[in-house]
Structures are given as C-alpha cells and as structure tokens.
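# Report on the structure
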Protein chains: 2
Amino acid sequence: MYRTHNCGELRLTDTGKQVTMSGWAGTIRDKGGLLWIDLRDRYGITQLVFDENYTDKSLFDVARSVGREYVLQASGTVIERASKTNKIPTGDIEIKVTELKILNAAKTPPFTIQDDTDGGDELRMKYRYLDLRRNEVQKNLFFRSNLAIETRKYLAGEGFIEVETPNLIKSTPEGARDFVVPSRMNKGQFYALPQSPQTFKQILMVSGFDKYFQIVKCFRDEDLRADRQPEFTQIDCEMSFVHQEDILRTFEGLTKHLFKSALDITLGDFPRMTYDEAMRRYGSDKPDIRFGMEFIDLKSPKGSEFGSGADDVPPGFAVFDGAESVIAFCAPGCAEYSRKQIDELTEWVKRPQIGAKGLIYVKIEADGSTKSSVDKFFTPEVIKTWVDKCGAKPGDMLFILTGEDERTRKQLCELRLEMGSRLGLRKGDDFKPLWVVDFPLLEWDEDEGRFFAMHHPFTSPKALDIPKMESDDRITLKSMRADAYDLVLNGVEIGGGSIRIHDRDLQSRNFKLLGFSPEEAENQFGFLLGAFEYGAPPHGGIAFGFDRLCAVMNGANSIRDFIAFPKNNQGRDMMIDAPSGINPKQLDELGIRLAPQA
Amino acid sequence: MYRTHNCGELRLTDTGKQVTMSGWAGTIRDKGGLLWIDLRDRYGITQLVFDENYTDKSLFDVARSVGREYVLQASGTVIERASKTNKIPTGDIEIKVTELKILNAAKTPPFTIQDDTDGGDELRMKYRYLDLRRNEVQKNLFFRSNLAIETRKYLAGEGFIEVETPNLIKSTPEGARDFVVPSRMNKGQFYALPQSPQTFKQILMVSGFDKYFQIVKCFRDEDLRADRQPEFTQIDCEMSFVHQEDILRTFEGLTKHLFKSALDITLGDFPRMTYDEAMRRYGSDKPDIRFGMEFIDLKSPKGSEFGSGADDVPPGFAVFDGAESVIAFCAPGCAEYSRKQIDELTEWVKRPQIGAKGLIYVKIEADGSTKSSVDKFFTPEVIKTWVDKCGAKPGDMLFILTGEDERTRKQLCELRLEMGSRLGLRKGDDFKPLWVVDFPLLEWDEDEGRFFAMHHPFTSPKALDIPKMESDDRITLKSMRADAYDLVLNGVEIGGGSIRIHDRDLQSRNFKLLGFSPEEAENQFGFLLGAFEYGAPPHGGIAFGFDRLCAVMNGANSIRDFIAFPKNNQGRDMMIDAPSGINPKQLDELGIRLAPQA
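Every value quoted in this text rests on a predicted model; they were computed, and no experiment measured them.

It is worth spelling out the overall build of chain A at this point. Summing up its helical and strand segments, chain A has 16 helices and 23 strands in all. Dimensions of chain A, computed from the C-alpha atoms along their principal axes, are close to 90 × 75 × 55 Å. Within the span of chain A, comprising 598 residues, buried residues form 59% of the whole. Taking the intrachain contacts of chain A between residues at least 6 apart in sequence as the baseline, contacts between residues at least 24 apart amount to 67%. Of note, chain A has its 80 positive side-chain charges centred 4 Å away from the centre of its 93 negative side-chain charges.

Take the relation of the copies chain A and chain B next. Superposition record for chain A on chain B: RMSD 0.1 Å, screw rotation 180 degrees, translation along axis 0.0 Å. Such a combination of turn and shift is consistent with a two-fold rotation axis. A shared interface surface links the copies, since 100% of the contact residues of chain A are contact residues in chain B too.

Interfaces are often sized by the amount of accessible area the parts lose when they come together. Across the contact, 123 residues belong to chain A and 123 residues belong to chain B. Taking both sides of the interface into account, the surface hidden between chain A and chain B amounts to around 10800 Å²; carbon and sulfur atoms contribute 59%. On the surface where chain A and chain B come into contact, there are 14 salt bridges. Salt-bridge contacts for K107(A) lead to E533(B); the nearest nitrogen and oxygen are separated by 3.0 Å. Applying the counting rule to chain A against chain B returns 68 residue pairs in polar contact (both at pLDDT 80 or more). Ranked by the residues each element gives to the side of chain A that touches chain B, the list is headed by helix 4 (residues 135–157) of chain A, at eight residues. Pairing analysis gives three bridges linking strand 23 (residues 592–594) of chain A to strand 23 (residues 592–594) of chain B, with the strands arranged antiparallel.

Counted according to the given criterion, the structure contains 115 salt bridges over all chains. Note that D236(A) and K201(A) form a salt bridge whose closest N and O atoms lie 2.8 Å from each other. Residue D236(A) is found in strand 10 (residues 231–240), and its partner K201(A) is found in helix 5 (residues 198–206); the two are separated by 35 residues along the sequence. When the shortest N-O distance is used, the salt bridge between E344(B) and R422(B) registers 2.9 Å. Residue E344(B) is located in helix 9 (residues 339–350), and its partner R422(B) is located in helix 11 (residues 405–422); the two are separated by 78 residues in the primary sequence. Take R422(B): its relative accessible area is 33%, and that puts it in the partly exposed class. Through salt bridges with shared partners, one network takes in D121(A), R124(A), R128(A), D131(A) and R134(A).

This part is about the packing of helix 4 (residues 135–157) of chain B against helix 15 (residues 546–553) of chain B. Residues and elements named next belong to chain B. Where helix 4 meets helix 15, the axes come as close as 11 Å, and the angle between the chain directions of the two elements is 115 degrees. The angle between helix 4 and helix 15 falls in the class roughly perpendicular. Between helix 4 and helix 15 the crossing geometry is right-handed. Of the residues in helix 15, those in contact with F143, R144, L147, A148 and T151 of helix 4 are F546, D547, L549, C550 and M553. Split into classes, the residues belonging to the contact of helix 4 with helix 15 amount to seven nonpolar, one polar and two charged.

A few words on the environment of V362(B). Residue and element names in this part refer to chain B. On the secondary structure map, V362 appears in strand 14 (residues 360–364). Along the primary structure V362 and A335 are separated by 27 residues, whereas in three dimensions their C-alpha atoms are 8.3 Å apart. With residues near it in sequence (within four places) discarded, V362 still touches T370, K371, S372, I383, W386, V387, D396, M397, L398 and I400.

A few words now on the sheet that holds strand 13 (residues 325–331) of chain A. Where strands meet in a sheet, backbone hydrogen bonds hold them as pairs that are either parallel or antiparallel. All names here are of chain A. Taken in spatial order, the five strands make up an open sheet running 12-13-16-14-15, and their pairing is antiparallel. Each having just a single partner strand, strand 12 (296–299) and strand 15 (370–372) make up the two edges of the open sheet. Adjacent strand axes in the sheet meet at a mean angle of 25 degrees when their direction is disregarded. Here strand 12 pairs with strand 13 via three bridges, running antiparallel. In the strand pairing of strand 13, I296 is matched with A328.

Let us look at the sheet that holds strand 22 (residues 539–545) of chain B. All names here are of chain B. The eight strands lie next to each other as 6-9-10-22-21-20-17-11, forming an open sheet whose pairing is mixed. Edge positions in the sheet fall to strand 6 (161–162) and strand 11 (272–274), since each has one partner strand and no second. Here strand 20 (residues 484–489) pairs with strand 21 (residues 492–499) via six bridges, running antiparallel. Bridge assignment links L487 to a residue of strand 21, and that residue is G495. The strands touched by helix 7 (residues 275–282) are strand 11 and strand 17 (433–437); relative to strand 11, the strand with the most contacts, the crossing angle is about 90 degrees. On top of the sheet, helix 15 reaches strand 10 (231–240), strand 20, strand 21 and strand 22; it is set at about 105 degrees to strand 10, its chief contact.

It is worth spelling out the pairing of strand 20 (residues 484–489) of chain A at this point. Residue and element names in this part refer to chain A. Counted residue by residue, strand 20 has six buried out of six residues, so it is predominantly covered. Of the two faces of strand 20, the one lined by A484, D486 and V488 and the one lined by Y485, L487 and L489 are each fully buried. Pairing analysis gives five bridges linking strand 17 (residues 433–437) to strand 20, with the strands arranged antiparallel. The partner of P433 across the bridge, within strand 20, is L489. Between strand 20 and strand 21 (residues 492–499), which pair antiparallel one after the other, the connecting turn spans two residues, and N490 there sits at a positive phi close to 55 degrees.

Residues and elements named next belong to chain A. Most of strand 16 (residues 397–403) is tucked away: seven of the seven residues are buried. The side-chain alternation of strand 16 yields two buried faces, one formed by M397, F399, L401 and G403 and the other by L398, I400 and T402. Inspection of the sheet shows strand 13 paired to strand 16 by seven bridges, in the antiparallel sense. By the bridge assignment for strand 16, A328 is matched with I400. Where strand 14 (residues 360–364) and strand 16 come together, four bridges link them in antiparallel fashion. Looking across to strand 16, one finds that I360 is bridged to I400.

Predicted coordinates in areas of low pLDDT are best not read in detail. Averaged over every residue, the pLDDT of chain A is 94; the share at 70 or more is 100%. As a predicted assembly, this complex carries a pTM of 0.95 together with an ipTM value of 0.94.

Right, let's get into helix 13 (residues 504–513) of chain B. Residues spaced three or four apart along an α-helix point in a common direction, a consequence of the helix completing one turn every 3.6 residues. Residues and elements named next belong to chain B. Along helix 13, the residues classified as buried are L506, Q507, N510, F511 and L513. For helix 13, the angular spread of buried residues about the axis comes to 155 degrees, placing them on one side. Summarising the contacts, the buried residues of helix 13 are in contact with strand 18 (442–445), strand 19 (450–453), helix 12 (474–478) and helix 14 (518–531). Where helix 13 begins, the side chain of D503 points an oxygen toward the backbone nitrogen of D505, at a separation of 3.1 Å. One or two positions beyond helix 13, positive phi appears at G515, with a value near 85 degrees.

Next up on the list: the packing of aromatic side chains. The final tally for this structure, using the stated rule, is 56 aromatic pairs over all chains. When the centroid spacing of 4.1 Å and the interplanar angle of 20 degrees are considered together, the rings of F317(A) and F377(A) count as stacked. With F317(A) in the loop between strand 12 and helix 8 (318–321) and F377(A) in the loop between strand 15 and helix 10 (380–389), the pair connects residues that are 60 residues apart, well separated along the chain. Taking relative accessible area as the criterion, F317(A) reaches 10% and is therefore assigned buried. Ring centres 5.0 Å apart and planes at 45 degrees place the aromatic pair Y275(B) and F439(B) in the tilted group.

Thresholds, definitions, all that
- Residues numbered from 1 in each chain as written.
- Chains lettered and ligands numbered in written order.
- Predicted model: local features only at pLDDT ≥ 70, side-chain atom pairs only at ≥ 80, totals over all residues.
- Heavy atoms only, no water.
- Helix = DSSP H or I, 4+ residues; strand = E, 2+ residues; numbered from the N terminus.
- Buried < 20%, exposed > 50% of the residue type's maximum accessible area, 1.4 Å probe, protein only.
- Contact = heavy atoms within 4.5 Å.
- Lys, Arg positive; Asp, Glu negative; His and termini not counted.
- Charge placed at Lys NZ, Arg CZ, Asp CG, Glu CD.
- Least-squares fit on C-alpha atoms with pLDDT ≥ 70 in both.
- Buried area = accessible area lost by both parts, 1.4 Å probe.
- Salt bridge = Lys/Arg side-chain N within 4 Å of Asp/Glu carboxyl O.
- Polar contact = N/O pair within 3.5 Å; in protein donor to acceptor, adjacent residues only side chain to side chain.
- Pairing = 2+ DSSP bridges.
- Axes fitted to C-alpha atoms, helices over the stretch in contact; angles between N-to-C directions.
- Parallel < 35°, antiparallel > 145°, perpendicular 65-115°, else oblique.
- Left-handed = near helix turned anticlockwise from the far one by under 90°.
- Nonpolar A, V, L, I, M, F, W, Y, C, P; charged D, E, K, R; others polar.
- pLDDT = per-residue confidence, 0-100.
- Arc of directions from axis to C-beta.
- Phe/Tyr/Trp six-rings, centres within 6.5 Å; stacked < 30°, edge-to-face > 60°.

Right under this line is the structure:
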C-alpha cells in the first residue's frame, strides 16, 4: 500500500498515528542537522521532518538526496509541530519519518511549478504535464469537472436525458469549415467531425425524447484566436413542445444553479433585450452590462435598423454632414485625460482592427463648460445639448464616432469596452447576465451575394415574419426576426439557441432563401426533411460554450486555462507534437495522396 | 404553452381538472359516434375521448382526420374512464377533449412503431428517427443515460475528477488502425482520433491529478462486427499510488454499484482467475462462468503453457497419438443426442470459423455403459477413466477435441459456449463477473515476426518478471506476466487495464522489446518518456467498454441497440448517409487528393 493517508488530511487530533504517505517533494529546507521536506499531492501538503538527533544516518542520507519534484513514499509518526502555521490545513503537524522510499527521481523542471511561474506560454504548453501540476491550473480543471457534475445534476433533475450523438458524421458546406476524416471502407468518401450535434438533437425530438442534453466535444476548422480552439465543449440541449419562454426559463435556472453551486453567488432574474436594442444601446449583440456608457445617437438615419432617428447635429461640419450616424457615449471622470491620452485613444480607434477615421471628444470641465475637438464647428449651446442628452456631468468626457450606422456602432462598442476596462468597470467577480432575443433570421453576405442564416438554417422565423419569406426585397428579408436568443454574460456569449422549424415545407422554404437548390437541401439534410414528415413536434434548444462558461465564471479571458490539453494558435498540440506526418501505407489504405506543395 | 401535463402523470385524483397535453397519436379507435385517440409521449399514454353527443361537430371532424403518429395538442377535462385498464398508469382516466390542434401531420411510417416491429435492420437504420420512437429502443437509451449518471456519481464520490482529453491527437502505428484527420493549417500533416486517452491519462497522473476518469468516445478504424463500432464509448479511469489490488477493489465497487442502482441486483465478491487458469479450464481469457462444463485434459504436454500435463490416453489411435492435446468437457443430459444431432455438431465445429478436424463423443447411457466414436480404439475401461475424470453421470455426454494445445482449447471453448447456449445455461438475467489477472506481457505475431504488447506498450511487467526482459529467448519472453487484468461478465470482456510502467528506463526497454528503435519511441511517445523524467508516480488504470456494459447488463448481444445512432457493418450511418463525397475545394484546402481508383 502506497499510503494510509493523503497529504491534506492529517490534523492535530491525529498526533501519534503511524502513517504512510506518498507525493511529490516541494520545498526542501536543510538546516544541517534538521531537514524538512514538503510532501505534496492533489489534496494538500504535509511536512516531513528529519532530525540528526533521532533519524537514522542512512535514512537521513536518503532524505538529503531528494530533489524538487521527486516522488516519495514516507512512513512515520504524526507529531505536533514546534512552529505551527495556519497557511495550510495540516500546519499543526508534521511527520517524524522512519522510512523513506524514493519512488521516482525527477530532473529539474524547465520552469518553476508555482502560481507565479517563470515559464512562458510555449514552454508551458510543451511541458503541459508540469504546467498541470501548478495549483492555479489544477484549480481550473477541478472547477470544470465540478461544473459538469452540477450541470448534469440540474438537467437530470429537470428530466433531461443525456444521449451521445456520433462524432463521425457528414460534411455540410453550410456554416464553419468541417474537419473531415477519410473513410477506408468507403474510399473517396469522408466523414466530418460535428460542429455541433444540431441535426441529431432535432432528430431526437422527432423521436420523442422530449428533453435531451449532452456535454459534448464539437469541432471547427477555423483560424484560431485566443478564445477559439479547434475542439471545444458544449452543453448541448433540446426540448420538445416548448416556446422560447420555456427554454429561457429552464436555462436561466441552469445558469443560476451553476453560479449558486460553484461560486455561491445568487443571481437575480436575467434582464432581456432585443437584438435591435442591444445594437442601438451598445453596438453589440453581446453587450457587457456591468457598466453604463450607453450609446446616445446624436444623429442617426430615420427608419434605420438600430438608430433612434436622432437629429441633434446642425449642418456645417463636413465629417458629420457626410456621416449616416453620429454616436456618443459618456466616459465618467475622464475630463482629466491629457492631450496625449486622447491622442493615444485616437490612434487606438484608428487601428485596422477598429477602423475608425478619428475620435471626437467633448470634455466637460469642472465649471460645466466644455472643450471639444469640434469646437470650431458647433456653438457651445449645440454641444451643451449633446452633453445633456448623454447625461454627462462635470468631469466627464464624451467620445463620439461617426460614419455608416452599423459600422460606427461596432467601432464605438470596441471603444466603450476599452474604456470600461481602463476605468476598472469590468470586474471579473461581478456577473451581469443578459438574454438577447429576437435576432435577425438572415445575414447578408456581400462577398457571396446571398443570405446566410444568422443562427443556423433550422432556426424558426417569428410567426409574424413568416409571410415575409416570400418577398424578393432584400430589406424586407433582412428585417425578418427569428425566435433566436443568446445568453450573454459580461459581454461574452455563453449560450445561444433558437426555436426550430418543425414543418417540412417551412424548412424547405428557408433552405431556398439560403440559396440551397432542392437537390442540395435533399442531399445534405434529406434525413431531417424526411423526419419532419413523420410527426415532428415543435421544439427548440440552446447550446452553452462550456469552456467559455468556465472561463467567464472565473473572470478569465482565455478558455485555454480551462482545457487540460489545449492547442496553440497554429492548431498544434505542443506536448504530443500533433498534427504530424503519417506513413504512406496509411494514406494508401485511405485512398488519398498529399497534394504537391505549392 | 403546449402542455400543462405530460401523457404519463394524470390519475383518478386529477378528475375534473382542465388540462392541455401534447404528444403523438398512437392507437386510434373509431366506433362511429365515439372516437378514442391514445396520446403518447416519453412519459406515457393518455386516452383522449370524443363523443358525438357532446363533442362539437367541427372538433369531431378534426379528431377524425388524425392519423397515426400525428402530433397533437389537446385540451379538455380529466374524467373517470368507463372501462378502466391497469395496463397503463393513466388507465383510470381519459380526457374529454374540448380543443384539438394538429401540430404536425405524419405520413404512414414505413414500419410499425411497436416492440415487435415489422421493420428489417436496414430499414430501421435508415429511419432511425422512427426506430428511436419504439419503446424498446428508448428504454435502452434511458438505461444508458442513467448508467452514465450512476457511474459519475460513484466515481465522483470516490474522489475521481473527470478531465476531457483531446480528440485531435497524434497517429501512432502501434495498436489498431487510427482514423486520421488532415490538418489544413499544417498541410501534409494529420491528427488522429484517439483509440483511447491512454497516454493523456498517464500524463494526468504525472501531473498529480491522482484519480481521473472520463466517459469518452474512442475510435478504431477496424473492420466491423456486430459488437464493434468505429466509434464507441469508454469509462476511462486512472489512479496514482496504487497496486493492482487497489484498482480491482475500486472498480469491483463501481460495478456492484451500477448493478445495484440500475438493476437492483446485489453482486457478491468477484472471483479471480489467472489468465493461465482461464485458458486451461475454459480455453478463453474471458470465460463465461454462468455454467460449468469445464475442460478436462485427457492428454496435454508436460510443461505446456496451459495444459495440466495429463496422460490418460494410451497409444493406438493415430489421431490422438499425433495430437499435442486431447481435451474433453461433459455436456450434462446430452446422452440422448441423436446421430443426426451429433453429425450437425460435428459439422458446426468443422466450419472454418472454428476449424476443428472432427468431434469425438462419449455417451454415458442410463446403465453407466458408454458408447463412443472411438470405441474401436480404446477399451471400455480406458473410456471409463475419462468419464470418471470428467465427473460425467449417466445421461451425460463427453465432447472431445484434439490437436495443438492452444488451438484445441480455443475450438473447444467455442463448442462449450455453443452447448451452453443450446442447453439454456447462458441466461441474460444471470450475472457472473470474474476478474482475469496475470495476463502475458507479450504476444508473438507470426506474420510480423515480432512481439506485440498484449494489453498495450505501457503495461508493467510483474516485478518478478522484469529480469526476463533481458532475455533473447522467445519462450522466456513469452512467459513474462504483466500486472494486467480484465473484468469479464458472462463471457464478455467489459473492462481491462493494467498497472503502468512509470520508470523511463523500463519503458524504453519495453519499447525495445516491441521492436521500436529509440528514434521511433522518441518520435511517437517522447512526451511520455519525457514526463517520466520529472517525477512520475506509480499508477494504473482500467477502461470499461460502456456500450458493451449496457448491452451485457441487459442480456443483449449487440451494442448497437444501446447506441442512439450506430453505424452499419460498412461503417455507414444509413440515416444521414455518411461518409460521403466532399467538394474539391475542401480537398484543396486540406492539401490532399483522392488516389485514382484501382
């Protein structure tokens, strides 16, 4: 037996016990005649003590030969510590060791295994097995494991059944790029890895499973960013005989349960906002509502999609005159910003990632007077109307962007988030969930000259908008709204879903809108269209990004910290060195060849 | 709201309530002025009633237009039934319908949606969404979902953490054939789908996670049989600081818990048997011990791997003289078998799948005399010694096979199982678990002229056998035993595992035994060898075939019945029609081409 106790459980009441423990050597302190080794495992740290006065010479020599990260098995007696510490739960005791076995030696790790490690990203990815020893990373994975348990507990309690859907499915050109898997038994053909179990969960509804969920790996072959991974995990759910309200209620319940059980945080009822309103007030379909700085339209086109139709800008300034929209927000307490700071912010919004042409500001001085970069184009009275409209107070600053309505909102959204961060208003431990509802059904793709489904091709248009499907007018089609919703938390989309189409005819019409020929629709989704002919119930669902949920609940930015073995931005697993070449025999068996390198 | 109640919950005490329910039309009975529709959902069946005497004409017409599998929403009053039935829990009531909405129509299904369906395998696979509506299939998937919940409950209670390991990993030629995934970002390179998370779970032990589990999809590109699927699910587990005994105790506990919670069956302690003993007594490393008919060696070579060294066969019969082994078992009550039945059995063992040259029998008549196919070669006294040795009684029959020892055992094993089935001794509701331990470390592959790991290359030899690794002698190497174990249930291997090597040097020597050059070992498993240098703890684990466990616990033969969307023997998903061709643009992006068809 390697241990009678783990390294986290012994207390003063255990004094006198004969124990055996196993673990890793942490800090080692050698005071000549006295030697202490911190023995560490998943459960905690227990101090081993060796004393020349009573420790056998040969045992003492073994102890002295121990290095950091050696794997040890120690037996001895639990004794009260001379100098207790309350930094660790076992701080009142130590083990007077009578037997010590080195189970495995260890080389010196290439970086320190501490919360504040000196290892860079690449090094830690390569030696992920050492990085995973760090308390910080372990804590994240325990959090994740626990969150999955609580998710299952809640959903099982609500009558959901977990069904495993296949990973080797069919490639469909709609949506993101598929990872494909060549078939050996069916040469020239390929499976695809699922981007989501979407059609399968709908099939399960047609089959009468009523409430389905699955915590499931999904795959997208997209170029990677910090918060994207080629494989990621979803909490995937679907329900039958439901309206949007039923889904929102159920999954608001799940979210509240997760916060309560994992963080002991009680969330109030989640506010809701339409997509249009979110775009108007925050320029984003996933607004961070931990802080204000809402958008105020100074000028926006009448009848535009998101604008309020405001007109508070008299003509005379060419930039404003030529702009579709002029939109402001008030940054509280920023009137003290120096010329240099404003210039730096101006450069920031002009970077290609944001793409604004410039940044206009209005400082509200302590005496209520204003100072603005457009002072020479507008009277103080006009500028005062803007200040009033934005509810700005002395000491505040207005930031204003102009241009085409939708683009300006997106640019201003980035600036708002940046200012929120700079002002410390985006606290990791402040949680502000929000349902964004009534998403557009369709999204026009300028490059391909056709509509794409904003959510996915199975999303139901709102009942009132169904007649619009027959229209030829792009504006009319673009105005259609869907029974689609996102759950947004602190500016991050953590879940999204929709009520689905369950009528074959409506689904066919939707495919047509998306540019599918009847043959393409049949070829790719024939089974679903077929299923709809045999008694499909009304149904809808949602999927949560599980990695992202873990990250946001911990106030972390990157999902990588919550994935045991993440890939880097080139899609590589640095530890195992994958992907890699495979041998020609494998290619032959699969009936494929490598294309000559360009 | 689509429903106030589901179709399984209303009782007599609900009489008088106004309710709304949704579901599928099952049996419809039309008696002219009276019409009943069984409304079905996952939760049960509730009878709707329409009566010309009080049902509105237009409502009655709607009701009459309903066909099987239509999706309905019905509102009405709960009333006591005139003719109650105790066949369903809602049999005391029915719904006097006041409002009926057809939510979706349905074509006539291509097969009946009943326990005893008239649909063949292929048809049901193609219309899996209808097959999944059958009570039988739903029951299986609910069983599976529940078994996963209970697995997680037990393991979490034992301190295991569930960690998701990656699905896009590295291809290794060892073991079964990998499915591979071409990488777009790293052209010419491939990921592999995991055959198991083996190396990752070992890495997690090196990282100090101590107890890991995962219910996880695994992938093997092998030719398929009834109980094989290209993707399957494992309960994958690993523990640190353990000996074999710790693993066996923990997972015997899990198995007992699953039987108790899912089937309310209390299993006693599991017997154990060495691999050698299992081969000697049953000719199999996964013996079905629900019934006896153990092997009795009449002749077997001294010092052979499995034989007892028996010598109860005097010379004189060429077939026996030339055979390495002569092995019998007693089939109780089979003395009445006719000549025709024996001939048929003889043909059965001579089929290529079994490959025996012939079948020898000894009938023990009611008076104790014997009648045998080898009567002319042996005296009744000699034959009597066989009968006695086998413990056969009047009315029994001995079956005897001869030939090379190991092959004869395997052939006789098949016959034993067949006889067990024919005699009704392999009951689906009789559960006899068994640990088979001390598996050989290595398996000689005649074709490739080298050793393969019987379990996998990370399995630890037994401590006493480690010195044998230095041997050049094939027999010595073959005699090495490993700390490897299988959990066998009713003749099916439901779990298998081993204590792993945790020493870099030992692992390198094992790779060498398996024919890896140091470069190959480094290239394929360098990360693991590296990890072993930084303090790897002793560790071991096990993996359960989850699909198979579900099947065996239900006395079912095929794992397909417990998989929501299985593939057929050609690896095809008949419903979605995958795999399929992909477009040339996708191939281009991936840098691969199809090889010309041969």
